[in-house]
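# Structural overview
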Amino acid sequence: FSTVDVMEAMKKDTGRDLGNMHVDGGMTANNFLMQLQADLLGVDVLRARMPEATVLGAAFAAGLAVGFYKKLDDVKDMLRKAGGWESFPAQMNFNDRMIEYTRWKDAVNRAMDLNQFDTGTE
């Protein structure tokens, strides 16, 4: 759920709905993890089919920043041609997701308060 916390902070900071989550890198090889992220976030997780998507994404972002690429749609088209994405659609319903997220936040809050207990072992 820490990913949910990060996405919620990003929404708050930008005032925008961030939509789907694009992922790449070593951990994305785990299908269970990708589905879990989709379910917890309530969005589709799109895993790059191209193994070097991180490096390519950085290059495309730099190219957009300096004007080498004129439109974001041009970059998206190149990514599609490079293999596109495998989609993991969210399957958990909203109510179940909110119950689990509330439990997560409660556990984090309780863990933060552990320093209030004196075990008397010092």
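As the structure is a computational prediction, the values presented were derived from the model and not from experiment. (Residues numbered from 1 in each chain as written. Predicted model: local features only at pLDDT ≥ 70, side-chain atom pairs only at ≥ 80, totals over all residues. Heavy atoms only, no water.)

### Things to note about the nonpolar core
Ranked by internal contacts, the top residues of the largest apolar core, which has 14 residues, are Val4, Met21, Met34, Leu41 and Val45. Mapped by element, the contributors of at least two residues to this core are helix H1 (2-14), strand E1 (21-23) and helix H2 (31-41). Sorting elements by how many residues they give to this core places H2 first, with five residues. Setting aside residues up to four positions removed in sequence, leucine 41 forms contacts with Thr3, Val4, Met7, Met21 and Arg97. (Core = buried A, V, L, I, M, F, W, Y, C linked by side-chain atoms within 4.5 Å. Buried < 20%, exposed > 50% of the residue type's maximum accessible area, 1.4 Å probe, protein only. Helix = DSSP H or I, 4+ residues; strand = E, 2+ residues; numbered from the N terminus. Contact = heavy atoms within 4.5 Å.)

### Considerations on the pattern of salt bridges
The full count for this structure, using the stated rule, is six salt bridges. Across the pair glutamate 100 and arginine 103 runs a salt bridge, and its minimum N-O distance is 3.3 Å. Of this pair, glutamate 100 and arginine 103 both sit in helix H5 (residues 94-112), three residues apart, roughly one helical turn. For glutamate 100, a relative accessible area of 30% translates into the label partly exposed. Judged by its relative accessible area of 55%, arginine 103 is exposed. Residues participating in the shared-partner salt-bridge network are Glu8, Lys11 and Asp17. (Salt bridge = Lys/Arg side-chain N within 4 Å of Asp/Glu carboxyl O.)

### A look at the pairing of strand E2 (residues 45-48)
Residues Val45 and Arg47 point to one face of E2 and Leu46 and Ala48 to the other, with burial holding for every one of them. Strand direction decides the pairing type here: E1 and E2, joined by three bridges, are parallel. Directly across from methionine 21, in E2, lies its bridge partner valine 45. Of the crossover connections in this fold, the one passing from E1 over H2 to the parallel E2 is right-handed. Bridge count between E2 and strand E3 (residues 85-88): four bridges; the pairing is antiparallel. By the bridge assignment, alanine 48 is partnered in E3 with tryptophan 85. (Pairing = 2+ DSSP bridges. Right-handed = clockwise from strand over helix to strand, strands pointing away.)

### Topic: the packing of aromatic side chains
A full pass over the atoms with the stated rule returns two aromatic pairs. Where phenylalanine 60 meets tyrosine 69, the ring centres are 5.4 Å apart and the plane angle is 75°; that geometry is what we call edge-to-face. Each member of the pair, phenylalanine 60 together with tyrosine 69, is buried. Ring centres of phenylalanine 68 and tyrosine 69 lie 5.0 Å apart, and the angle between their planes is 85°; on these two criteria the pair is classed as edge-to-face. By relative accessible area, phenylalanine 68 is classed as exposed at 61%. Here the aromatic residues Phe60, Phe68 and Tyr69 are joined through ring pairs into a cluster of three or more. (Phe/Tyr/Trp six-rings, centres within 6.5 Å; stacked < 30°, edge-to-face > 60°.)

### Quick word on the environment of valine 66
Note on placement: valine 66 falls in the loop between helix H3 (53-65) and helix H4 (72-81). For valine 66, a relative accessible area of 69% translates into the label exposed. When the C-alpha positions of valine 66 and aspartate 44 are compared, they lie 30 Å apart, and in sequence the two are 22 residues distant.

### Here we look at H3
With 13 residues, H3 extends 18 Å from end C-alpha to end C-alpha; this agrees with the ideal 18 Å at 1.5 Å per step. Buried residues of H3: Ala53, Phe60 and Gly63, and no others. Projected down its long axis, H3 shows its buried positions confined to an angular sector of 85°, all on one face. In H3, those exposed residues whose orientation departs by more than 90 degrees from the buried face are Val55 and Ala65. Close packing links the buried residues of H3 with E2 and H4. In the segment just after H3, glycine 67 is the residue with positive phi, at about 85°. (Expected span 1.5 Å × (residues − 1). Arc of directions from axis to C-beta.)

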